[in-house]
Amino acid sequence: MEALKTAYRAKKEARDLEIYNRFKSLRLDPANQPMAVLDLIREEFGIASYPTIYRTIARVEARING
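A short tour of the structure in this document, coming up. Quick caveat, the model's predicted, so the values are computed rather than measured.

### Digging into the overall build of the protein chain
- Scanning the protein chain from N- to C-terminus turns up 3 helices and 0 strands.
- Ordered by position from the N terminus, the helices and strands of the protein chain form the series α-α-α.
- Referenced to the eigenvectors of the C-alpha coordinate spread, the extents of the protein chain come out at roughly 45 × 25 × 15 Å.
- Residues counted as buried form 23% of the 66 residues belonging to the protein chain.
- Distance between charge centroids for the protein chain: 5 Å, based on 12 positive and 9 negative side chains.

Put into structure tokens, the structure is as follows:
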């Protein structure tokens, strides 16, 4: 059975997945410094704080792992 979502919720989940994919792709390269990756993501997505990024990643991983 498919879960019904509001347009806002679907948009938020899509954005969270974008952030997650961007973070994971940048962290694949060991030369990239963790803080530089976080700063880049903050700028790209207009995020105010680092904990927001980590919380977003945790939300996506929780959705992926069921």
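On we go from here.
### So, the nonpolar core
- Formed by Ile19, Tyr20, Phe23, Leu26, Val37, Leu38, Ile41, Phe45, Ile47, Ile53, Ile57 and Val60, the largest nonpolar core amounts to 12 residues.
- Contributing elements (two or more residues each) for this core: helix 1 (7-27), helix 2 (34-45) and helix 3 (50-65).
- Setting aside chain neighbours within four positions, we find Ile41 in contact with Ile19, Arg22, Phe23, Leu26, Gly46, Ile47 and Ile53.

### Looking at the packing of aromatic side chains
- In the structure shown here, the tally under the stated rule is 0 aromatic pairs.
- When the ring centre of Tyr50 is taken as origin, the NZ or CZ atom of Arg42, which lies over that ring, is 4.7 Å away.

### Some details on the packing of helix 1 against helix 2
- Taken N-terminus to C-terminus, the directions of helix 1 and helix 2 make an angle of 150 degrees; their axes are 10 Å apart at the nearest point. It follows that helix 1 is roughly antiparallel to helix 2 by the angle criterion. Classified by chirality, the crossing of helix 2 by helix 1 is right-handed. Contacts between helix 1 and helix 2 involve Arg15, Glu18, Ile19, Arg22, Phe23, Leu26 and Arg27 from the first element and Pro34, Val37, Leu38, Leu40, Ile41, Glu44 and Phe45 from the second.

Definitions and cut-offs
- Residues numbered from 1 in each chain as written.
- Predicted model: local features only at pLDDT ≥ 70, side-chain atom pairs only at ≥ 80, totals over all residues.
- Heavy atoms only, no water.
- Helix = DSSP H or I, 4+ residues; strand = E, 2+ residues; numbered from the N terminus.
- Buried < 20%, exposed > 50% of the residue type's maximum accessible area, 1.4 Å probe, protein only.
- Lys, Arg positive; Asp, Glu negative; His and termini not counted.
- Charge placed at Lys NZ, Arg CZ, Asp CG, Glu CD.
- Core = buried A, V, L, I, M, F, W, Y, C linked by side-chain atoms within 4.5 Å.
- Contact = heavy atoms within 4.5 Å.
- Phe/Tyr/Trp six-rings, centres within 6.5 Å; stacked < 30°, edge-to-face > 60°.
- Lys NZ or Arg CZ within 6 Å of the ring centre and 35° of its normal.
- Axes fitted to C-alpha atoms, helices over the stretch in contact; angles between N-to-C directions.
- Parallel < 35°, antiparallel > 145°, perpendicular 65-115°, else oblique.
- Left-handed = near helix turned anticlockwise from the far one by under 90°.

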